[in-house]
Amino acid sequence: MRAFIFALLLASPAVADIEKARDLMETNKFVEAREALWPAARSGNADAEELIGVMYALGLGVEKDPVRAFEWYLRASMKGHPGAQSGIGWYYEVGIGTQIDLVRAYMWYALSAIGGDPDAAISQEEVVKKMTKDQIEHAHELIADYKVWMYPFR
């Protein structure tokens, strides 16, 4: 129990910094928001990583860079962040920041839906229309591989 409380106390500054960054983003203070997010993102906080991805995707306080956006979204996605997973799915679907890969697009949309993103299932339904039967089967194999360790209880 003591370890849990200690971990919670350590996490609190990152949560506070992320909330501060969101407030700054709402007032168009993107450079300050990035500075507030940076320590948490560099420490592996998925929410901070996803928000930095948004900043690079849209050019908010940084130069627009789809490759860097993709990389930040991917970091957050690998930690189970549903919003970032849906973003990665879209990047793979349209080939922004990476090459088009419908198998991976479908996989990330599916994982995002499992994680609770309500719009991911709609995206998944759209991308599957562009896929072959073999691609769909391959995507389901990947989903099974990722789901086991990303969402072990779902």
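No experiment lies behind these values; they were computed from the predicted model shown. (Residues numbered from 1 in each chain as written. Predicted model: local features only at pLDDT ≥ 70, side-chain atom pairs only at ≥ 80, totals over all residues. Heavy atoms only, no water.)

Chemist: Explanation requested: the environment of Lys79 in the structure shown.
Modeler: With respect to the helices and strands, the residue Lys79 is situated in the loop between α4 (66–78) and α5 (82–94). Residue class for Lys79 comes out partly exposed when judged on its relative accessible area of 44%. Distance in space between the C-alpha atoms of Lys79 and Gly97 is 20 Å, their sequence separation being 18 residues. (Helix = DSSP H or I, 4+ residues; strand = E, 2+ residues; numbered from the N terminus. Buried < 20%, exposed > 50% of the residue type's maximum accessible area, 1.4 Å probe, protein only.)

Chemist: Explain helix α3 (residues 46–58) to me, please; I cannot follow it from the model alone.
Modeler: One turn of an α-helix holds 3.6 residues; hence residues three or four places apart share an orientation. Here α3 is 13 residues long and its end C-alpha atoms lie 18 Å apart, about the 18 Å a rise of 1.5 Å per residue gives. In terms of residue burial, α3 counts as a mostly covered element, since 11 of its 13 residues are buried. If you check which residues of α3 are buried, you get Ala46, Ala48, Glu49, Glu50, Leu51, Ile52, Gly53, Val54, Met55, Tyr56 and Ala57. At the exit of α3 stands Gly59, carrying a positive phi of roughly 70°. (Expected span 1.5 Å × (residues − 1).)

Chemist: I would appreciate a short explanation of the environment of Val103 in the present structure.
Modeler: Position of Val103 relative to the elements: it lies in helix α6 (residues 102–115). Residue Val103 is classed as buried on the basis of its relative accessible area, which comes to 10%. Each C-alpha atom of the pair Val103 and Ala84 lies 17 Å from the other, and the pair is 19 residues apart in sequence. For Val103, the residues in contact, after removing those within four places along its chain, are Met131, Gln135, His138, Ala139 and Leu142. (Contact = heavy atoms within 4.5 Å.)

Chemist: What am I meant to see in the packing of helix α2 (residues 30–42) against α3 here?
Modeler: Helix-helix packing is characterised by the crossing angle of the two axes and by the distance between the axes. Contact geometry of α2 with α3 gives a least axis separation of 9 Å together with a crossing angle of 145°. Like other packed secondary-structure pairs, α2 and α3 cross with a definite hand, here left-handed. For the pair formed by α2 and α3, the contact residues are Phe30, Ala33, Arg34, Leu37, Trp38, Ala40 and Ala41 on the first element and Ala48, Glu49, Leu51, Ile52, Met55 and Tyr56 on the second. Across the contact of α2 with α3, the residue classes break down as 11 nonpolar, no polar and 2 charged. (Axes fitted to C-alpha atoms, helices over the stretch in contact; angles between N-to-C directions. Left-handed = near helix turned anticlockwise from the far one by under 90°. Nonpolar A, V, L, I, M, F, W, Y, C, P; charged D, E, K, R; others polar.)

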